[in-house]
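# Descriptive analysis of the structure
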Amino acid sequence: MTTTTETATITVHAPATGEVVGTVPDLDAAAVHALAERARAAQPGWQALGFAGRAVILRKMQRWIMDHADELVATICAETGKTHEDALIAEVNYGAAAFGFWARQAPRYLGDSRVRTTQLLVRGKRLRSRYRPVGVVGVIGPWNYPLTNSFGDAIPALAAGNAVILKPSEVTPFTSLLLARGLAECGLPDGVFAVATGTGATGAAVVDEVDMVMFTGSTTTGRRVAAAAAARLIPASLELGGKDPMIVLADADVERAANHAAYYATFNCGQTCIAVERCYVEAPIYDEFVARVSAKVAALRQGVPNGPGSVDVGSLTFAPQVEVVERHVADAVARGARLLVGGERGDQKAGLWFQPTVLVDVDHSMEIMREETFGPTLPIMRVADADEAIRLANDSAYGLSASIFTRDVARGEALGRRLEAGAVTINDAVVNYTALELPMGGAKPGSGIGRRHGKEGITKYCRQQSMLSSRLHLRHDLHMHPYTARRTGQLFALLKLLNRGLTR
Ligand code: NAD
């Protein structure tokens, strides 16, 4: 929760208790410009260190994260209200792994590659394709994963040789500031990485300064960022909202499917872009699945996180989110849905809370099946068969991830190819995100454009440069002036030969 005061600072509140965590500056456009000038001055030196030089610092940071895991978890929990485990597994673990991964992979993904050609004018010449950093990258992040999402995208950008200005969410700036301290302690040269704390206006100022923008957040803001980037003709990579479906077929291991539904709908209090947001279950196992999921969700312990194992589900993070979740549940109930578990804010005295919730008798006239809820809710819908499940899963403006549970993995994979989702998991969910080798991103505009992770997750921070070198050269190439009938005849004869199959 945040409030802006006249002195241009932002007060950050702990969403689980309402207590003040601290204040940070609300930077204006002039302050962002100053950061960009420092970044621009520092970037060439960072690039000149090369992959090996940069990897030394990135690997130190991997160790720094594990050495400071307790401080990081405490900071993340304080500003997000998430549990110790959600902070440790989905954030600290991700951050440390990402530093090691990009240090190792950057030279492999971005190294020069040789290009072969059969084209007449360039035969025998040496062709290469290479990547060079764009310069200064702007990373703008959301509040749900201040390390993994806000900060995580900065790591490959740095590994590629860019300077980075990170604009964390105004709701959760302290994790990024702590990591900036870590980078400085690990020897990152001054100016290469800066945290621009502030509100949306600060984010807009960042877009105005940088050479490429990586945005993670809502679809509405993503559209604005894309428009601002288009006006400057800079590339933008957008990771936006999700409404991920889970499909449970009649032959599924019901217990495994129920565990995945209950966990991935409620972990991080449901505030995960690739959370299970809706479930379609084939009729023969519907009752059993609903009974198992309801029992599991009803057993969850929700409360103020206080160290390992203290609670299963923490608070929501962002104040307006409580109203969104409440509105979606009320809309569903008004249209005929039945609440089996939860459905209310609960009895906490302070903070941002909504109970883990299970709903049935839902349909696609309801907001909870069509809009991103971003809360600990699981609406479950009965379907006649796999075709109906696929049709309903695809009936969405979003397309981030989707999961299918079935004992017939080959059939699951075949059905998965029909899903309009950037990632499909069979008998699993969400963990694909931890495979840093596997590209992740949206398959429909509502979920964004561009990819994070894998080769695409680092080449996007670069401009491609092609090189051609002539080692053996004539003084005068055949196709050059002056044009004569004799030489044109020779050239044409050669072209005819080549195009009659010699080039194959
Ligand atoms: P948001 O769009 O409200 O804010 C995201 C960031 O944009 C914040 O830092 C904000 O200050 C900044 N911002 C606001 N206006 C701006 C502007 N005009 N120009 C530049 N920056 C601006 O999103 P949120 O509420 O913080 O995050 C939740 C959303 O993020 C959800 O929709 C969720 O699905 C999405 N998300 C997506 C992914 C993914 O990988 N696809 C991951 C995490 C979260």
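As shown above, the structure is provided for reference.
Note that the structure is a prediction, hence the values are computed from the model and not measured. (Residues numbered from 1 in each chain as written. Predicted model: local features only at pLDDT ≥ 70, side-chain atom pairs only at ≥ 80, totals over all residues. Heavy atoms only, no water.)

A few words on the pattern of salt bridges. Scanning the model with the defined rule gives 20 salt bridges in all. Notably, a salt bridge pairs D428 with R256, separated by 3.5 Å at the nearest N-O pair. Of this pair, D428 sits in the loop between β17 (423–426) and β18 (448–449) while R256 sits in helix α10 (residues 254–266), and the two are 172 residues apart along the sequence. A relative accessible area of 34% means that R256 is categorised as partly exposed. Residue R370 is joined to D395 by a salt bridge in which the shortest nitrogen-to-oxygen separation is 2.9 Å. Residue R370 is found in helix α13 (residues 367–370), and its partner D395 is found in the loop between α14 (386–394) and β16 (401–405); the two are separated by 25 residues along the sequence. Overall, the relative accessible area of 29% leaves D395 in the partly exposed class. Through salt bridges with shared partners, a single network forms among E255, E288, R292 and K296. (Salt bridge = Lys/Arg side-chain N within 4 Å of Asp/Glu carboxyl O. Helix = DSSP H or I, 4+ residues; strand = E, 2+ residues; numbered from the N terminus. Buried < 20%, exposed > 50% of the residue type's maximum accessible area, 1.4 Å probe, protein only.)

This part covers the site of the ligand. Neighbouring residues of the ligand: 30 residues in total, closest G141, K167, E170, S218 and E372. Here a nitrogen atom of the ligand and a backbone polar atom of A204 are 3.4 Å apart. Here an oxygen atom of the ligand sits 2.5 Å away from a polar atom, N or O, in the side chain of E372. Bound to the protein, the ligand loses 90% of the 860 Å² it would expose on its own. With respect to the pocket detection grid, the ligand is positioned in the largest pocket. At the level of secondary structure, the elements contributing two or more residues to the shell around the ligand comprise α8 (200–209), β9 (212–216) and α9 (219–232). (Near = heavy atom within 4 Å. Polar contact = N/O pair within 3.5 Å; in protein donor to acceptor, adjacent residues only side chain to side chain. Areas by Shrake-Rupley, 256 points an atom, 1.4 Å probe, with all protein chains shown as cover. 1 Å grid on protein atoms, 1.4 Å probe; cavity = no way out; pocket = protein on both sides within 12 Å on 5 of 7 lines; lining within 4 Å. Sits in = over half its atoms within 2 Å of the grid points.)

This part takes up the sheet that holds strand β11 (residues 244–248). Overall, mixed pairing links the 7 strands, which are arranged β13-β14-β15-β12-β11-β16-β17 in an open sheet. Two strands lie at the open edges of the sheet, namely β13 (338–341) and β17, each paired on one side alone. Averaged over all neighbouring strand pairs, the angle between strand axes comes to 25°, with direction disregarded. Set on the sheet, α10 makes contact with β11, β12 (276–282), β15 (377–383) and β16; between it and β11 the angle comes to about 165°. Along the sheet, helix α15 (residues 409–416) makes contact with β16 and β17, crossing β17 at roughly 165°. (Pairing = 2+ DSSP bridges. Axes fitted to C-alpha atoms, helices over the stretch in contact; angles between N-to-C directions. Contact = heavy atoms within 4.5 Å.)

Within a pair of aromatic rings, the relevant descriptors are the distance that separates the centres and the angle that separates the planes. The tally for this structure, following the rule as stated, stands at 11 aromatic pairs. When the centroid spacing of 4.8 Å and the interplanar angle of 80° are considered together, the rings of F101 and W102 count as edge-to-face. Between Y264 and F267 the ring centres are 5.5 Å apart and the planes differ by 90°, which places this aromatic pair in the edge-to-face class. You'll find Y264 and F267 in the same group, each marked buried. An aromatic cluster of at least three residues, connected via ring pairs, comprises F99, F151 and F193. (Phe/Tyr/Trp six-rings, centres within 6.5 Å; stacked < 30°, edge-to-face > 60°.)

On to the side chain of T219, then. Within the secondary structure, T219 sits in helix α9. With a relative accessible area of 14%, T219 lands in the buried category.

Here the focus is the pairing of β16. Burial runs high along β16: 5 of the 5 residues are buried. Neither face of β16 is exposed, since S401, S403 and F405 on one face and A402 and I404 on the opposite face are all buried. In the sheet, β11 pairs with β16 via 3 bridges, with the strands oriented parallel. Residue pairing in the sheet places I247 in a bridge with I404 of β16. Two strands pair when backbone bridges link them, and β16 and β17 are joined in this way by 4 bridges, in the parallel orientation.

Bringing the sheet that holds strand β10 (residues 236–239) into the picture now. Reading across the sheet, the 6 strands line up as β8-β7-β6-β9-β10-β18 and stay open at both edges, with mixed pairing between neighbours. Two strands in the sheet have a free side with no partner beyond their single neighbour: β8 (193–195) and β18. Contacting β6 (136–140), β7 (163–167) and β8, helix α1 (residues 29–48) runs over the sheet at an angle of about 155° to β7. Against the sheet, α9 engages β9 and β10, with an angle of about 175° to β9.

Judged by side-chain polarity, L478, L494 and L497 come together as a nonpolar surface patch covering roughly 230 Å² of accessible area. With respect to the secondary-structure elements, L497 resides in helix α17 (residues 485–502). L497 sits in the partly exposed class, given a relative accessible area of 49%. (Patch = residues over 30% accessible without salt bridge, like charges linked within 9 Å, V, L, I, M, F, W, Y side chains within 5 Å.)

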